[in-house]
Amino acid sequence: MRMIPIVLVLLAAPDAAAAAGPVGGDASVVDGDTIEIAGERIQLYGVDAPEDWQFCLDETGADYHCGKEAALALKAFLSASRPTRCTFAGRDRYGRYIGACFRADGKDVNRWLVESGHAVSREENHDKGLYAAAQEMARSLGAGMWSGQARAEASSHVAEE
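A brief structural summary. Keep in mind it's a predicted model, so treat the numbers as computed, not measured. (Residues numbered from 1 in each chain as written. Predicted model: local features only at pLDDT ≥ 70, side-chain atom pairs only at ≥ 80, totals over all residues. Heavy atoms only, no water.)

**Description of the overall build of the chain**
Okay, so step 1: Scanning the chain from terminus to terminus reveals five helices and ten strands.
Okay, so step 2: Here the chain holds 161 residues, and 46% of them are scored as buried.
Okay, so step 3: Taking as baseline every contact in the chain between residues at least 6 positions apart, the subset at least 24 positions apart corresponds to 60%.
Okay, so step 4: Of the roughly 7900 Å² that the chain leaves accessible, carbon and sulfur atoms contribute 54%. (Helix = DSSP H or I, 4+ residues; strand = E, 2+ residues; numbered from the N terminus. Buried < 20%, exposed > 50% of the residue type's maximum accessible area, 1.4 Å probe, protein only. Contact = heavy atoms within 4.5 Å. Areas by Shrake-Rupley, 256 points an atom, 1.4 Å probe, with all protein chains shown as cover.)

Have a look at this one:
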């Protein structure tokens, strides 16, 4: 199971002293990389999805709402195997927990978002990010926003929420 390496990365992350124990339950989707469980907002660690208002270009060069598509895809993915369980590494500057989340069937939610092309791997500390290999796979397969020409604001850091 991939959970152990991710938990170790999360425990080594800044604000580890503020870490909370795991939480599980039915997750609702706030946006493409943020969910809510039991009243707590959780920013998915290591990923960055386009905001709801952002557009990408499809394979024909036409605009589409890749941010809304990411949120809808995440909702469908989470609905397929409930409940969702998250492990935390602390809180971000907005007070949200930062976490790695898994469906009831054990599938890594964070990794799936990047592999499916609905998010990019968030670069941390000048590296290519925890999910860089998953992002390269999605890009090579033309998955999600990689099926066309992802716009710079949708495919680069969009974390300035």
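**Thoughts on the sheet that holds strand S2 (residues 28-31)**
Where strands meet in a sheet, backbone hydrogen bonds hold them as pairs that are either parallel or antiparallel.
Okay, so step 1: The strand order across the open sheet built from six strands is S1-S8-S9-S4-S3-S2, with neighbouring strands paired in mixed fashion. The strands lining the two open edges of the sheet, one partner per strand, are strand S1 (23-25) and S2. Each adjacent strand pair in this sheet contributes to an overall mean axis angle of 40°, direction not counted.
Okay, so step 2: Pairing analysis gives three bridges linking strand S4 (residues 40-44) to strand S9 (residues 97-102), with the strands arranged parallel. (Pairing = 2+ DSSP bridges. Axes fitted to C-alpha atoms, helices over the stretch in contact; angles between N-to-C directions.)

**Some points on the state of the cysteines**
Okay, so step 1: Applying the stated criterion across every chain yields a total of two disulfides.
Okay, so step 2: Between the sulfur of cysteine 56 and that of cysteine 66 lies a disulfide, 2.2 Å long from S to S. With the S-S dihedral at roughly 70°, the linkage between cysteine 56 and cysteine 66 falls on the right-handed side. Of this pair, cysteine 56 sits in strand S6 (residues 56-57) while cysteine 66 sits in helix H2 (residues 66-79), and the two are ten residues apart along the sequence.
Okay, so step 3: Take cysteine 56: its relative accessible area is 0%, and that puts it in the buried class. (Disulfide = S-S within 2.5 Å.)

**Concerning the nonpolar core**
Okay, so step 1: Grouped together as the largest cluster of nonpolar side chains are 21 residues, with contacts concentrated most on Ile35, Ile42 and Leu44.
Okay, so step 2: Taken together, the elements giving at least two residues each to this core come down to strand S3 (34-37), S4, H2, strand S8 (84-91), S9 and helix H3 (109-115).
Okay, so step 3: Here this core gets four residues from one element, more than from any other, and that element is H2.
Okay, so step 4: Listed in part, the eight residues of the second largest apolar core include Cys56, Cys66, Ala138 and Met145. (Core = buried A, V, L, I, M, F, W, Y, C linked by side-chain atoms within 4.5 Å.)

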